[in-house]
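Here's the letter readout for the chains.
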Amino acid sequence: MEYALKLADNAEQLGEVPVGAVLVLNDQVIGEGWNKVISQHDPCAHAEIMALRAGGQHIANYRILDATLYVTLEPCAMCAGAIVHSRVQRVVYGASDLKTGAGGSVFNIMVHEQLNHQVELESGLLAQQCATKISDFFYRRRQEKKQLKQSLKKPKL
């Protein structure tokens, strides 16, 4: 998870929401990713998707059996669906996402009994560090918007 947090820094340097993901198979990193939604103009360029794509390329298969995905933020519904379809065995995430989380916070897609694959879930690994990274990012973004608004205000005469 510490490596995923470092990858989240890459996203933040691009002005993206700082989320990082690392895909591990047989104790080796086979894929990694960070959010690139804004920089790539791609609504699917979430950290988890980027890591899954890299992992699939690495093993030359879209089924990434027996792998573990470490991600700093609970996956959304889109990422959860991709995780299920790729047959990742286990997902470990840091911070819960109480607005869009699909690993138990809002939805529980990855363990839904009607799906043909269920993922082992573990949450809370370095949760405070992961949550702080994201909340600090949004705090800074709000402050920047506030300062911009203030600088654009014209003085009243």
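About the thresholds
- Residues numbered from 1 in each chain as written.
- Predicted model: local features only at pLDDT ≥ 70, side-chain atom pairs only at ≥ 80, totals over all residues.
- Heavy atoms only, no water.
- Core = buried A, V, L, I, M, F, W, Y, C linked by side-chain atoms within 4.5 Å.
- Buried < 20%, exposed > 50% of the residue type's maximum accessible area, 1.4 Å probe, protein only.
- Helix = DSSP H or I, 4+ residues; strand = E, 2+ residues; numbered from the N terminus.
- Contact = heavy atoms within 4.5 Å.
- Polar contact = N/O pair within 3.5 Å; in protein donor to acceptor, adjacent residues only side chain to side chain.
- Axes fitted to C-alpha atoms, helices over the stretch in contact; angles between N-to-C directions.
- Parallel < 35°, antiparallel > 145°, perpendicular 65-115°, else oblique.
- Nonpolar A, V, L, I, M, F, W, Y, C, P; charged D, E, K, R; others polar.
- Pairing = 2+ DSSP bridges.
- Right-handed = clockwise from strand over helix to strand, strands pointing away.

Peer 1: Sorry if this is basic, but what is going on with the nonpolar core here?
Peer 2: Nonpolar side chains tend toward joint burial in soluble globular proteins. Counting 34 residues, the largest nonpolar core has Leu 23, Ile 64, Leu 69, Ile 83, Val 88, Val 91 and Met 110 as its most contacted members. If you list the elements that add at least two residues to this core, you get α1 (2-13), β1 (20-25), β2 (28-34), α2 (47-59), β3 (68-73), α3 (77-86), β4 (90-95) and α4 (127-152). If one sorts the elements of this core by residue count, β1 sits on top with five residues. Ignoring sequence-local partners within four residues, the contact set of Ile 64 consists of Leu 23, Ile 30, Leu 52, Gly 55, Gly 56, Ile 59, Ser 86, Arg 87 and Val 88.

Peer 1: Sorry, what's going on with the side chain of His 117 here?
Peer 2: Residue placement: His 117 occurs in the loop between β4 and β5 (120-123). The exposure class assigned to His 117 is buried, which follows from its relative accessible area of 16%. A distance of 2.8 Å separates a polar side-chain atom of His 117 from the backbone oxygen of Val 88. Discounting chain neighbours no more than four positions away, the residues touching His 117 are Val 84, Arg 87, Val 88 and Met 110.

Peer 1: I tried to follow the packing of α1 against α4 on my own but got confused; where do I start?
Peer 2: Axes are the key here: two packed helices are described by the angle between their axes and the distance separating the axes. Where α1 contacts α4, the axes come no closer than 11 Å and their chain directions differ by 10 degrees. Here α4 runs roughly parallel to α1, going by the angle between their axes. Between α1 and α4, the residues in contact are Leu 5, Ala 8, Asp 9 and Glu 12 and Gln 129, Cys 130, Lys 133, Phe 137 and Arg 140, respectively. Residue composition of the contact of α1 with α4, by class: four nonpolar, one polar and four charged.

Peer 1: It is not clear to me how the pairing of β1 should be interpreted in this structure. Could you clarify?
Peer 2: Every regular strand shows the same layout, with side chains that alternate between the two sheet faces. The buried fraction of β1 amounts to six of the six residues, a majority that puts the element mostly inside the structure. Residues Gly 20, Val 22 and Val 24 line one face of β1 and the alternating positions Ala 21, Leu 23 and Leu 25 line the opposite face, and both faces are buried. Sheet topology note: the β1/β2 ladder contains six bridges and is antiparallel. Paired with Gly 20 across the two strands is Trp 34, which belongs to β2. Between the antiparallel neighbours β1 and β2 lie two residues, among them Asn 26 with a positive phi of about 50 degrees. In terms of strand pairing, β1 meets β3 through four bridges, oriented antiparallel.

Peer 1: Can you help me understand the pairing of β4 in this one?
Peer 2: Burial runs high along β4: five of the six residues are buried. In this sheet, β4 lies alongside β3 in parallel orientation, the contact comprising five bridges. The residue of β4 that forms the bridge with Thr 68 is Arg 90. Read from β3 through α3 to β4, the crossover connection turns out right-handed. Judged from the four bridges that link them, β4 and β5 form a sheet pairing that is parallel. Directly across from Tyr 93, in β5, lies its bridge partner Ser 123.

Peer 1: What exactly am I supposed to notice about the environment of Val 24 here?
Peer 2: Residue position: Val 24 is located in strand β1. Residues Val 24 and Gln 147 lie 123 residues apart in sequence; the distance between their C-alpha atoms is 42 Å. Not counting the four nearest positions on each side in its chain, Val 24 is found in contact with Val 29, Ala 67, Thr 68 and Tyr 70.

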